[in-house]
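This is what each chain is made of:
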Amino acid sequence: MTHPLRIAVLGSTGSIGRQTLDVAASHPERVRVVALAAHSNVPLLAQQARTHHVTQIALADASRAGSLAGLVPEATIYSGDDAAAELAALTDAEVVVNALVGAAGLRSTVTCLDAGKRLALANKESLVTGGTLVMSRVRFAGQIIPVDSEHSAIFQCLSGEPHSAVRRIWLTASGGPFRGRCRDDLADVTAEEALRHPRWTMGPKITVDSATLMNKGLEAIEAHHLFDVPLGRIKIVIHPQSCVHSMVEYVDGTVKAHLGPTDMRIPIQYALSHPERWTAPVEPVDFATLGHLDFEEPDMDAFPCLALALEAGRIGGTMPAVMNAANEVVVAAFLSGSARFCDIPRVVEAVMEAHDPFEPSSLSDIEAVDHAARELARHAL
Ligand code: NDP
Ligand code: MG
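Residues numbered from 1 in each chain as written. Chains lettered and ligands numbered in written order. Predicted model: local features only at pLDDT ≥ 70, side-chain atom pairs only at ≥ 80, totals over all residues. Heavy atoms only, no water.

Draft legend 1. Looking closely at the overall build of the protein chain. Along the backbone of the protein chain there are 16 helices and eleven strands. For a compact globule of 381 residues, the expected C-alpha radius of gyration is about 21 Å, and the protein chain comes in at 20 Å, within 12% of that figure. Projected onto the principal axes, the alpha-carbon positions of the protein chain cover approximately 55 × 50 × 40 Å. Sorting the 381 residues of the protein chain into buried and exposed places 56% on the buried side. Pairs at least 24 residues apart make up 67% of the contacts formed inside the protein chain by residues separated by at least 6 positions. Summed over its atoms, the accessible surface of the protein chain is roughly 15,900 Å², and 52% of this surface lies on carbon and sulfur atoms. In the protein chain, 31 positive and 45 negative side-chain charges are present, and the distance between their average locations comes to 4 Å. (Helix = DSSP H or I, 4+ residues; strand = E, 2+ residues; numbered from the N terminus. Rg over C-alpha atoms; globule rule 2.2 N^0.38 Å. Buried < 20%, exposed > 50% of the residue type's maximum accessible area, 1.4 Å probe, protein only. Contact = heavy atoms within 4.5 Å. Areas by Shrake-Rupley, 256 points an atom, 1.4 Å probe, with all protein chains shown as cover. Lys, Arg positive; Asp, Glu negative; His and termini not counted. Charge placed at Lys NZ, Arg CZ, Asp CG, Glu CD.)

Draft legend 2. Structural context of the nonpolar core. Phe227, Leu272 and Met323 are the most contacted members of the largest nonpolar core, which has 122 residues in total. When neighbours within four sequence positions are excluded, Phe227 is seen to be in contact with Pro146, His151, Ile154, Phe155, Leu158, His163 and Ile169. (Core = buried A, V, L, I, M, F, W, Y, C linked by side-chain atoms within 4.5 Å.)

Draft legend 3. Broad picture of the pairing of strand β6 (residues 118-121). Alignment of strand β5 (residues 95-98) against β6, held across four bridges, turns out to be parallel. Residue Val95 lies in a different strand from β6, and its bridge partner there is Arg118. At this point the chain moves from β5, through helix α5 (residues 106-114), to the parallel β6, and the crossover so formed is right-handed. The pairing of β6 with strand β7 (residues 144-146) spans three bridges and is classified as parallel. (Pairing = 2+ DSSP bridges. Right-handed = clockwise from strand over helix to strand, strands pointing away.)

Draft legend 4. Highlighting the packing of aromatic side chains. Taken as a whole and assessed by the stated rule, the structure comprises two aromatic pairs. Consider the rings of Phe334 and Phe341, whose centres lie 5.6 Å apart with planes at 65 degrees: the pair is edge-to-face. Both residues of the pair, Phe334 and Phe341, count as buried. An aromatic cluster is built from Phe178, Phe334 and Phe341, whose rings are joined through pairwise contacts. (Phe/Tyr/Trp six-rings, centres within 6.5 Å; stacked < 30°, edge-to-face > 60°.)

Draft legend 5. Here's a closer look at the site of ligand 1. The environment of ligand 1 is formed by 25 residues, the closest being Thr13, Ser40, Asn41, Glu125 and Gly203. Between ligand 1 and Asn41, the relevant distance is 2.8 Å, taken from an oxygen atom to a main-chain nitrogen or oxygen of the residue. Separating an oxygen atom of ligand 1 from a backbone N or O atom of Gly203 is a distance of 2.8 Å. Look at ligand 1: alone it shows 910 Å² of surface, and the protein chains cover 87% of it. (Near = heavy atom within 4 Å. Polar contact = N/O pair within 3.5 Å; in protein donor to acceptor, adjacent residues only side chain to side chain.)

Draft legend 6. The arrangement of the side chain of Asn98 in detail. Checked against the element boundaries, Asn98 lands in strand β5. For Asn98, the side chain forms a polar contact with the side chain of Thr109, separated by 2.9 Å. Ignoring sequence-local partners within four residues, the contact set of Asn98 consists of Leu10, Gly105, Ser108, Thr109, Leu119, Ala120, Leu121, Ala122, Asn123 and Ser126.

Draft legend 7. View of unusual backbone geometry. At the junction of His274 and Pro275, the peptide bond is cis and its omega measures out at 5 degrees in the coordinates. With respect to the element layout, Pro275 can be found in the loop between α12 (265-273) and α13 (304-315).

Draft legend 8. Just the sheet that holds β5, in detail. A sheet is described by the order of its strands in space; here seven strands give the open sequence β4-β3-β2-β1-β5-β6-β7, paired in parallel fashion. Of all the strands in the sheet, just β4 (76-79) and β7 have a single pairing partner and so form its edges. The sheet shows a mean angle of 20 degrees between the axes of neighbouring strands, direction not considered. The sheet contact formed by strand β3 (residues 56-59) and β4 spans four bridges and is parallel. In the sheet register, Leu59 faces β4, and the bridge partner there is Ser79. (Axes fitted to C-alpha atoms, helices over the stretch in contact; angles between N-to-C directions.)

This is the structure:
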C-alpha cells in the first residue's frame, strides 16, 4: 500500500468504534482516521479526535455541538440526526466503518454506498431494515465488507467459491447467558443478568439481543442479504464455545469453517486489511488444549424472538424494519428497567401482527414504517 488507508469511524465511542480505533492505532503506517461520528459522548469523542488528529466530526445530539467545538476548536463539526450520514458522504475517507447502533445507521450505510466508498459494516440493522434497498445501491463487488464476526467468517469461507455451489450457511450462536433455561424461567430476568454475556463484551443493545437470541435472527437476515442466500438455507446452530465463527456447506458435502479467538478486533481489522492480512495482538487458539466443540439446536420456545425475527425475514418487505423498530423500543425499555424480559417478544409480536407489510421503494418508506412501529411499541408497553 502506498499511503495509509483513510477511514471514517461512525459510532467511534461505542464498543466496535473504540476497538476500530485500537486497530488503527496499532497500524499507524497502514490506517489513518480522518472522521469520527457519535451520538452524545462529547468527552470521549473529543479525546479520540485529539489522539487521532481528526478534524471532521459528526455529533447527533446537536445540543452538545457547542461544547464539542470548545474542546476541539480546529475541527469541522456536523450536528443533528443526519450528521453521521452527511459525514459518510462528504469525508475524504476511502472506507467508512459503520458502527452505529440500530436503524439510525441505515442512512449512513446508503449515503456511503452512494458516494462510492467502501463500507466496513458492523451496523447489522441497516441490512435488516433496508436489505433489498441497501444491496441495490452496491456499486462494485466487495463494496460492503462485513464486520459482524459470523459474516466476516462466512465472507472468508465463500472466498474463491462459486455462488451456485453453496448449499447452506451454518450461522453459529453462543446461546447467550440464558442458554439452557426455559421460557417461564426467563420471564423476570434482569437487565444486569442479561448484560453478563459469556463470550463477548459488546454494547448494551446487542448484548440484550444476544440474550433473547434476537441477535441471531437479525444476523440470519443480514446474511441473507449480504450473501444472496435464501433464509431457508441459513441454519442456526448453538455453539457455546464460540470458536467456530460460522460455516459454509457446499453441494459436494465440503464444509468450510472459520475458527479463531473470540476477539472483535480480528474481523474489524480484516474489514480494513482485506484482501491482505495484518498481524494482530490476539491470544491464538491452542487446539491441543481446547477440549471439545459442542453444537445443538436453538430452543425456539424459550427464545421466541429468534422465531419472530426469522418470520419477519420470511415475510420480507417492510416487516423486518417493523420487527426491528419494535425490538429497539422494548430493549431500551428493558435496559432502563421499565419493561420485563418477557415483554420483548410480546411487544415485537404485537407490533408485527398490526403491520400490513409492503415492498418499500425508498428510504423514506422504511423510515416511515420504523416511526409508526416505534409508536405502536410504546403503546404496547
Ligand atoms: P454501542 O452501543 O457500544 O455503540 C454505539 C455507537 O453508536 C456509539 O458511538 C453511539 O454514540 C453511537 N450512536 C448511537 N446512536 C447514534 C445516532 N443516532 N447517531 C450517531 N451516533 C449514534 O454499540 P456496539 O458498538 O456494540 O454496536 C454497534 C453495531 O455493531 C450494532 O449494530 C451491533 O449490532 C454491531 N455489532 C457489534 C458487536 C460488538 O461486539 N459490539 C459485534 C457485532 C456487531 P454515543 O456513545 O455518543 O451514544
Ligand atoms: Mg455477530
